[in-house]
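# Inside the fold
For reference, the chains in residue letters:
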Amino acid sequence: VISIPILNPFPTESALDLPLNGPIVTVFEGYMDNPLETALMKILVKSRRSNPPVEFINAGKKFADVVGDTDYLRNQFGLTANRISSAMRMLLENH
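## Focus: the nonpolar core
- Counting 10 residues, the largest nonpolar core is built from F10, A15, L20, I24, F28, L36, A39, L40, I43 and L44.
- Ranked by residue count, the leading element in this core is helix 2 (residues 35-47), at 5 residues.
- In contact with I24, other than residues within four places in its own chain, are L40, L44, P52, P53, V54, E55, M88 and L91.
- Membership of the second largest hydrophobic core comes to 7 residues, among which are V25, I57, L79 and L91.

## Here's the deal with the environment of V25
- Secondary-structure assignment places V25 in strand 1 (residues 24-27).
- Along the backbone, V25 and E37 are 12 residues apart, and their C-alpha atoms lie at a distance of 10.0 Å.
- Those residues in contact with V25, other than ones at most four positions away along the chain, are E55, I57, I84, A87, M88 and L91.

## A closer look at helix 2
- For helix 2, spanning 13 residues, the distance from its first C-alpha to its last is 18 Å, which sits close to the expected 18 Å at 1.5 Å a residue.
- Residues of helix 2 that are buried: L36, E37, A39, L40, I43 and L44. One face of helix 2 carries all of its buried residues, which in axial projection span an arc of 165 degrees. Opposite the packed face of helix 2, turned more than 90 degrees from it, sit the exposed residues K42, V45 and K46.
- On its buried side, helix 2 packs onto helix 1 (12-15), strand 1 and strand 2 (54-57).
- Two residues or fewer after helix 2 comes R48, characterised by a positive phi angle close to 55 degrees.

Thresholds, definitions, all that
Residues numbered from 1 in each chain as written. Predicted model: local features only at pLDDT ≥ 70, side-chain atom pairs only at ≥ 80, totals over all residues. Heavy atoms only, no water. Core = buried A, V, L, I, M, F, W, Y, C linked by side-chain atoms within 4.5 Å. Buried < 20%, exposed > 50% of the residue type's maximum accessible area, 1.4 Å probe, protein only. Helix = DSSP H or I, 4+ residues; strand = E, 2+ residues; numbered from the N terminus. Contact = heavy atoms within 4.5 Å. Expected span 1.5 Å × (residues − 1). Arc of directions from axis to C-beta.

The structure is reproduced here in structure tokens:
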């Protein structure tokens, strides 16, 4: 698990040192096609590493139906530990 709390400017040089040759699951508490996903794809292309399986978990392109606290919204959008671990297991089994 690697946490990247800075998205702009994205720490590209530091990220190039990450072990990006195995399955990758990214989680972004916001919309799809976000800065984290875009930066990761650029890094994979620049590094010319193998094409690892990648799963992007995000809130999609929709708004919450109701206002709620962080835990409620994470559950509503499927940004849960269960979904994250399931995605990683699936990638590991199929890699």
